[in-house]
Amino acid sequence: MYPILANAMEVLPHIDGYVYPNEQNFLWTVLIVVYPYITGLVAGAFIMASFVRVFNVKALDPVYRMSLLTALAFLLAAPLPLLFHLGHPERCMEMMLTPHLSSPMAMFGFVYAWYLMAVLLLELWLDYRRDFVTWSQQHTGFKKFLYSILTVGVRDVSPGALKLDHRMSLAISIIGIPSAFLLHGYVGFIFGSVKANPWWGNVLMPIIFIFSAMVSGMALCVVLYMFVTRIRGQKLDIKCLDVMGRMLFYALVIDAGIEALDWIHRLYSAHEEIDVLKHLATGKLFYTLLILQALLGTLVPLVFLGLGQLFPHRISAAARTKIYCVMASLILVGVFAMRWNVVIGGQLFSKSLRGFTTYKMALAGHEGWPVALALMILPFVILTVLVKLFLPKEMANSVQPAVAIEPTIPSTI
Amino acid sequence: MTNCTSRRNALRTFGGALAGILSFSAAKTAKAVVQKGLVTTSAPKGYDPTKHKWLMGFDIDRCIGCGSCVEACKTENNVPQGASYFRTWIERYIIKKPKPGSGEARGETIVDSPNGGRNGFPPSMVPREEILKSFFVPKLCNLCVDSPCVQACPVGATFDSPDGVVLVDPKYCVGCGFCIQACPYGCRFMNPETKTADKCTLCYHRITRGLQPACVEVCPTEARIFGDLKNCAPEDPIMQFIAKNKLQTLKPHLGTGPRVSYANMDKEVR
């Protein structure tokens with residue numbers, strides 16, 4: 001009605017060169033950065049747990065349950081950034097009820113539901129069932145009520161029943177690993193399948209997402225394990241930390257290798273978009289891509305974690321602990337930067353390949369940075385509740401899932 | 001034994017609940033497929049989309065960049081005001097002369113589209129003597145045969161109509177923006193009023209009533225050529241346009257099969 005007024009009120013971003021007029025609206029904001037970051041942490045934390053269950057890495061026992069609870073806490077928060085971003089969040093269930101099967105995004109609901117209900121909750125339930133029975137007898141009041149409800153009326157803790165639990169749990173863990181890959185691989189596919197965008201449309205994208213997810217989830221488990229033990233005044237299990245550090249290093253080597261391959265291939269094959277992408281990497285994404293992601297998030301951890309592998313006896317346990325803590329934190333920042341570079345970076349250049357736009361995080365509104373920050377904090381709040389309820393102090397270092405079927409163990413709790 | 005049965009029952013209940021959710025979903029999907037046949041568009045009753053095949057073409061040499069088409073589109077379709085919401089827009093290409101002695105065939109290419117070309121174009125900042133050639137290129141939805149936007153929509157709110165038009169059902173769109181990301185041509189935008197994806201419909205409410213799209217109607221130089229491939233004679237403008245010109249499409253290498261054709265297009269256009 002008042003075009004001049006409307007034009008004056010419209011805040012257009014700073015443009016270099018030419019972008020299609022409709023591209024001046026920055027569409028996927030920091031919330032869409034948070035979403036793959038959170039799902040990646042879920043997948044990584046679950047894979048950390050499955051090292052114990054499937055590959056029988058006993059040294060990781062102390063972090064087994066904490067990893068599963070971390071995966072659950074982050075999974076519960078995972079859909080929220082997407083929901084906040086939707087133009088019509090009230091229609092979100094249509095993605096599950098009337099999915100358009102050619103769309104990778106339509107698979108979100110199914111993958112999410114499968115992972116939450118068929119994998120994570122079931123595995124946790126089978127793993128905790130014996131404890132629910134025990135705790136429902138030990139506690140009173142609300143906790144007794146809660147643990148009783150969680151047993152779902154199944155109170156058989158005979159050795160035979162526990163053995164069955166263990167077997168079923170193992171089977172779910174085995175299904176869980178490809179499911180975790182699916183959960184995050186499909187997020188990578190959402191970006192990788194966009195052929196319109198040369199920064200995203202890449203066959204390696206799902207694999208890059210899977211390995212970066214593993215790296216970030218393991219790093220989170222390292223940091224959380226240190227944090228929880230410190231808060232509880234317990235002693236760190238350096239063997240467990242060493243194994244986590246080794247896993248983290250190997251996963252990071254693969255992750256860095258694949259990402260390097262991606263860049264080598266892009267630079268060598270040099271399609272029409274290569275000049276734009278080089279300009280992007282060395283210009284608008286210089287700090288987040290080259291400094292945060294490549295240098296601090298990948299190279300520095302590779303060197304320090306690698307030194308720990310090469311000279312395990314020359315570095316003291318205290319120094320190793322500090323290295324793991326700092327490197328895991330750097331990796332967490334680096335993987336967040338990687339998500340930022342993919343999601344935001346992919347929208348900073350025009351599909352006309354003739355110009356660049358800018359993105360500034362908003363303060364107000366449902367897509368502002370305070371909302372994104374709150375959504376990043378939320379899983380930690382959920383995790384705190386879960387740890388309080390399901391990871392009692394005396395349990396933190398005593399859970400031995402592989403031997404939990406032994407009849408002598410329950411009596412020691 | 002009672003306890004064992006209880007666990008089995010508990011698992012059975014979980015499974016039953018999951019199966020229930022999945023079958024409910026399957027039922028809703030089936031319903032949606034049926035509804036697709038009855039989807040409501042802005043077409044009048046009795047319009048049969050299977051009996052038409054709409055197509056738009058552009059003769060770049062004819063476009064003078066007056067912006068009438070952009071203005072007409074904004075008005076006709078209630079396109080949000082503002083310089084970043086367009087169902088159609090015009091780009092100006094200025095190709096500079098090469099530097100003397102550079103051995104190049106042409107110089108730098110400069111593209112602009114101030115306010116989508118809605119108010120025409122101000123004089124170029126490039127001095128006239130430095131310009132090798134300059135031309136205008138109108139843009140709109142490319143009416144792709146294999147539309148990446150349709151493929152990407154998670155709920156099927158964007159769909160290919162049998163008459164060749166790609167439409168959005170604003171009552172069904174969830175506003176995720178995936179289709180906007182998937183369009184290689186920048187033809188879609190998130191409507192700030194409806195919070196749904198928006199795009200050119202070829203003025204569906206007009207063409208299904210025997211009228212031309214607003215942009216075609218107002219074009220003073222007939223740079224936009226529109227017609228119905230299933231109901232046209234050889235002497236119709238669209239058939240003449242196809243017969244007499246060597247035609248190109250935008251970004252054919254992406255395999256989207258754009259149907260909108262351009263005559264006299266330079267290689268710099270994308």
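Cut-offs applied
- Residues numbered from 1 in each chain as written.
- Chains lettered and ligands numbered in written order.
- Predicted model: local features only at pLDDT ≥ 70, side-chain atom pairs only at ≥ 80, totals over all residues.
- Helix = DSSP H or I, 4+ residues; strand = E, 2+ residues; numbered from the N terminus.
- Rg over C-alpha atoms; globule rule 2.2 N^0.38 Å.
- Buried ≥ 20, exposed ≤ 12 C-beta atoms within 10 Å, placed from the backbone.
- Contact = placed C-beta atoms within 7 Å.
- Pairing = 2+ DSSP bridges.
- Axes fitted to C-alpha atoms, helices over the stretch in contact; angles between N-to-C directions.
- Expected span 1.5 Å × (residues − 1).
- Bend = angle between axes of the 7 residues up to and from the residue.
- Parallel < 35°, antiparallel > 145°, perpendicular 65-115°, else oblique.
- Left-handed = near helix turned anticlockwise from the far one by under 90°.
- Nonpolar A, V, L, I, M, F, W, Y, C, P; charged D, E, K, R; others polar.
- pLDDT = per-residue confidence, 0-100.
- Core = buried A, V, L, I, M, F, W, Y, C linked by C-beta atoms within 7 Å.

**Q** Looking at this model, I keep getting lost on the overall build of chain A. Mind explaining?
**A** A count of helical and extended segments in chain A gives 16 helices and two strands. For 413 residues, the compact-globule formula gives about 22 Å, and the C-alpha radius of gyration of chain A, at 23 Å, lands near that figure. When the backbone C-alpha atoms are referred to their principal axes, chain A occupies close to 75 × 55 × 35 Å. Relative to its 413 residues, chain A shows a buried fraction of 47%.

**Q** It is not clear to me how the overall build of chain B should be interpreted in this structure. Could you clarify?
**A** A count of helices and strands for chain B gives seven helices and 11 strands. Its C-alpha radius of gyration of 24 Å places chain B more than 25% over the 18 Å reference for a compact globule of 270 residues. Seen through its C-alpha atoms, chain B measures out along the principal axes to roughly 95 × 50 × 35 Å. Residue pairs in contact within chain B that sit at least 24 positions apart in sequence constitute 66% of those at least 6 positions apart.

**Q** What am I meant to see in the sheet that holds strand 11 (residues 261-263) of chain B here?
**A** The strands making up a sheet associate through hydrogen bonds between their backbones, and the pairing can be parallel or antiparallel. Residues and elements named next belong to chain B. Strand order in the open sheet made by the four strands is 9-1-11-10, with mixed pairing throughout. Bordering the open sheet on either side are strand 9 (224-228) and strand 10 (247-248), each of which pairs with just one other strand. Alignment of strand 1 (residues 54-59) against strand 11, held across three bridges, turns out to be parallel. Bridging across to strand 11, Phe58 finds its partner in Tyr262. In the packing of helix 7 (residues 237-244) onto the sheet, the strands contacted are strand 1, strand 9, strand 10 and strand 11, and the crossing angle to strand 9 comes to about 115°.

**Q** Would you mind showing me how to read helix 12 (residues 286-310) of chain A here?
**A** An α-helix turns once every 3.6 residues. As a result, residues three or four positions apart point the same way. Taking 1.5 Å per residue, 25 residues should reach 36 Å; helix 12 of chain A reaches only 31 Å between its end C-alpha atoms and comes up short. Roughly 40° is the biggest bend found in helix 12 of chain A, and it falls at Leu295 of chain A.

**Q** Quick question: what am I supposed to make of the interface of chain B and chain A here?
**A** Accessible area lost when the parts come together is the quantity often used to give the size of an interface. In this complex, chain B contributes 47 residues to the contact, which on the side of chain A involves 45 residues. At the level of secondary structure, the elements contributing two or more residues to the side of chain B that touches chain A comprise helix 1 (2-37), strand 3 (109-112), helix 3 (148-152), helix 4 (178-182) and strand 7 (189-190) of chain B. No other element matches helix 1 of chain B, which puts 10 residues into the side of chain B that touches chain A.

**Q** Just checking my understanding: could you explain the sheet that holds strand 2 (residues 89-96) of chain B for this structure?
**A** All names here are of chain B. The antiparallel open sheet is built from three strands, whose spatial order is 3-2-4. In this open sheet, the two edge strands, each paired with only one partner strand, are strand 3 and strand 4 (131-139). Put simply, the sheet's adjacent strands are angled 20° from each other on average, direction ignored. By the bridge criterion, four bridges tie strand 2 to strand 3 in an arrangement that is antiparallel.

**Q** What is the right way to look at the packing of helix 8 (residues 159-192) of chain A against helix 9 (residues 205-231) of chain A in this model?
**A** In helix packing, the relevant descriptors are the interaxial angle and the interaxial distance, both defined with respect to the helix axes. All names here are of chain A. Axis separation between helix 8 and helix 9 bottoms out at 7 Å; the angle between their running directions is 135°. As far as their axial angle goes, helix 9 and helix 8 are oblique. In this structure, the crossing between helix 8 and helix 9 has a hand that is right-handed. Of the residues in helix 9, those touching helix 8 at Phe181, His184, Gly185, Val187, Gly188, Phe189, Phe191 and Gly192 are Met205, Pro206, Ile208, Phe209, Ile210 and Ala213. Taken together, the residues that form the contact of helix 8 with helix 9 break down as 10 nonpolar, four polar and no charged.

**Q** Help me understand the pairing of strand 1 of chain B, please; the structure alone is not making it clear to me.
**A** Each regular strand carries side chains that alternate between the two faces of the sheet. All names here are of chain B. Counting buried residues in strand 1 gives six out of six residues, a clear majority hidden from the surface. With five bridges joining them, strand 1 and strand 9 adopt antiparallel strand pairing. Within the sheet, the bridge partner assigned to Leu55 lies in strand 9 and is Gly227.

**Q** What exactly am I supposed to notice about unusual backbone geometry here?
**A** Most of the time, phi is negative for any residue but glycine, and the peptide bond is trans. Residues and elements named next belong to chain B. Not every positive phi belongs to a glycine, and Lys195 is a case in point at roughly 60°. Residue Lys195 is classed as partly exposed on the basis of its 15 C-beta neighbours within 10 Å. One non-glycine residue, Leu202, adopts positive backbone phi at about 60°. For Leu202, the position within the fold is in the loop between strand 8 (197-198) and helix 5 (204-207).

**Q** I would appreciate a short explanation of the confidence of the model for chain A in the present structure.
**A** The predicted structure's coordinates, where accompanied by low pLDDT, should not be read in detail. All names here are of chain A. Put simply, chain A has an average pLDDT of 89, and 92% of its residues get 70 or more. Every residue in residues 1-6 scores below 50 in pLDDT, and together they form three contacts with partners more than four places removed in sequence or on other chains. The model gives residues 395-413 a pLDDT under 50, and that stretch makes 32 contacts with residues more than four places away or in other chains.

**Q** Sorry, what's going on with the nonpolar core here?
**A** General note: in soluble globular proteins, nonpolar side chains tend to be found buried as a group. Val42, Met218, Cys221 and Leu248 of chain A are the most contacted members of the largest nonpolar core, which totals 180 residues. Among the elements that make up this core, the one with the highest residue count is helix 2 (residues 30-53) of chain A (18 residues).

**Q** Could you clarify how one ought to interpret the environment of Gly185 of chain A in this entry?
**A** All names here are of chain A. As for its placement among the helices and strands, Gly185 is situated in helix 8. A tally of 20 C-beta atoms within 10 Å means that Gly185 is categorised as buried. When the C-alpha atoms of Gly185 and Phe209 are compared, they prove to be 6.2 Å apart, with 24 residues separating the residues in sequence. Residues in contact with Gly185, not counting those within four places in the same chain, are Pro206, Phe209 and Ile210.

**Q** How should I be thinking about the confidence of the model for chain B in this particular structure?
**A** For chain B, per-residue confidence averages 91 on the pLDDT scale, and 93% of positions sit at 70 or higher. Confidence metrics for the complex model read pTM 0.89 and ipTM 0.89.

**Q** Please explain the environment of Gln234 of chain A as it appears in this structure.
**A** Residues and elements named next belong to chain A. Inspection of the secondary structure assignment puts Gln234 in the loop between helix 9 and helix 10 (238-269). A count of 13 C-beta atoms within 10 Å places Gln234 in the partly exposed class. Spatially, the C-alpha atoms of Gln234 and Lys393 are 8.8 Å apart, while their sequence positions differ by 159 residues.

**Q** In this structure, what is going on with the packing of helix 2 of chain A against helix 9 of chain A? I would like to understand it.
**A** Residues and elements named next belong to chain A. Contact pair helix 2 / helix 9: the axes reach a minimum separation of 6 Å and the direction vectors enclose 70°. With respect to their mutual orientation, helix 2 and helix 9 come out roughly perpendicular. Here Pro36, Gly40, Leu41, Ala43, Gly44, Ala45, Ile47 and Met48 of helix 2 lie close against helix 9, whose contacting residues are Phe209, Ser212, Ala213, Met214, Val215, Ser216, Gly217, Met218, Leu220 and Cys221. Tallied by class, residues from the contact of helix 2 with helix 9 come to 13 nonpolar, five polar and no charged.

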